Amino acid sequence: MNAANNIPKNSTWKIVLILVAVLIVLASTWFSNRLALDIAKREKQEAELWASAYKNILLAGEDDDVNFEFEVIRENESVPLILTDESENIIKHRNIDTEKAANPAYLQKRLKQMRAQKEPIVIEIGDGVRNYIYYEDSKFIKRLRFFPMVQLSIIAGFLAFAYVLFSTARTSEQNRLWVGMAKET
């Protein structure tokens, strides 16, 4: 007699259900993390493009056309950015809650958070003068990182529901069997 025959048949579906749920969670987590990394890479490129546009505006002469650079700066609507000088005085910010951003203490707090998360993008203005762009992940990436946990919760709820449903059906079938046997006696 082999080990597979020792497992009751009603337990087999439970094992299969758990294995499928684990595979779904693993695949979802892998895919979500991969997607978040790709988007984070794109957002870094967007921040670097913003830095380049800002540098071009600063270094432009009176007759230079900088409409494209202004458009690049205006188009960034997702990546939170803070532009500072060498002394870390905040010059400009983008995509930070405008009501809270009116408070300089709030901006300093956000700058400190951004500084801890990622290396700044350095803008060489000239004559050894530098500005720095600090940025962080957008709200979209932050939400995307929580997606596997939400999906795991949904799958766990589905498994619990399926377990209760099958248990109730099995109990109901056993009760009908006992009632039938009682009637025969």
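Numbers given to residues run from 1 along each chain, matching the order in which its sequence is written. For this predicted model, a pLDDT threshold of at least 70 governs which residues receive local features, and a threshold of 80 or more governs which side-chain atom pairs are given and counted, while totals over whole chains, interfaces and linings are taken from all residues. For the side-chain quantities, the full set of heavy atoms in the structure was used; hydrogens and water were omitted.

1. A word on the overall build of the protein chain
By the criteria applied, helices consist of DSSP H or I runs no shorter than four residues and strands consist of E runs no shorter than two, each listed in order from the N terminus. Within the protein chain one finds 6 helices and 4 strands. The helix and strand sequence of the protein chain, counted from the amino end, reads α-α-α-β-β-α-α-β-β-α. Summarising its shape, the C-alpha atoms of the protein chain cover approximately 105 × 40 × 30 Å along the three principal directions. Residue exposure (1.4 Å probe, protein chains only): buried if accessible area is under 20% of the type maximum, exposed if over 50%, otherwise partly exposed. Burial status across the protein chain gives 25% buried among its 185 residues. A contact between two residues is defined here by any heavy atoms of the two lying within 4.5 Å. Look at the contacts in the protein chain between residues 6 or more apart in sequence, and 56% of them connect residues 24 or more apart.

2. Details of the side chain of Asp-137
Position of Asp-137 relative to the elements: it lies in the loop between β4 (129-135) and α6 (139-184). Overall, the relative accessible area of 13% leaves Asp-137 in the buried class. Polar contacts, as counted here, are pairs of nitrogen or oxygen atoms within 3.5 Å of one another; within protein the pair requires one atom able to donate a hydrogen and one able to accept it, and residues that are adjacent in sequence qualify only if both atoms are side-chain atoms. Side-chain polar atoms of Asp-137 contact the side chain of Lys-118, separated by 3.1 Å. If we skip the residues at most four places from it in the chain, Asp-137 touches Ala-40, Glu-43, Pro-80, Gln-117, Lys-118, Lys-142 and Arg-145.

3. Regarding the pairing of β4
Of all 7 residues that make up β4, 5 are buried, and the element is covered over most of its length. Strands qualify as paired when DSSP identifies two bridges or more between them. Where strand β3 (residues 121-126) and β4 come together, 5 bridges link them in antiparallel fashion. Pairing of Glu-124 across the sheet is with Arg-130, part of β4.

4. A look at the packing of aromatic side chains
How two aromatic rings sit relative to each other is set out by the distance from centre to centre and by the angle between their planes. Classification of ring pairs uses Phe, Tyr and Trp, with its six-membered ring standing for Trp, and accepts pairs whose centres are within 6.5 Å; under 30 degrees between planes counts as stacked, over 60 as edge-to-face, and the remaining range as tilted. Following the criterion strictly, the structure yields 1 aromatic pair and no others. Pairing Trp-50 with Tyr-54 gives two aromatic rings, centres 6.2 Å apart and planes at 5 degrees, and the pair type is stacked. In this pair, Trp-50 and Tyr-54 both sit in helix α2 (residues 9-59), 4 residues apart, roughly one turn of the helix. Exposure class is identical for Trp-50 and Tyr-54. Each is buried.

5. Here's the deal with the pattern of salt bridges
Any two side chains of opposite charge can pair, so long as their charged atoms come close to each other. Basic side-chain nitrogens of Lys or Arg form a salt bridge, by our definition, when they fall within 4 Å of a carboxyl oxygen of Asp or Glu. For the structure on display, the rule yields 7 salt bridges. With a shortest N-O distance of 3.0 Å, Arg-74 and Glu-71 are connected by a salt bridge. With a gap of 3 residues between them, Arg-74 and Glu-71 both fall in helix α3 (residues 67-75), about one helical turn apart. On the basis of relative accessible area, Arg-74 is assigned to the partly exposed category, the value being 48%. Of the charged contacts, one joins Glu-136 and Lys-142 as a salt bridge, the two residues approaching to 3.8 Å between their closest N and O atoms. For Glu-136, a relative accessible area of 3% gives the class buried.

In short, the description is geometric, and any link to function would need to be established separately.
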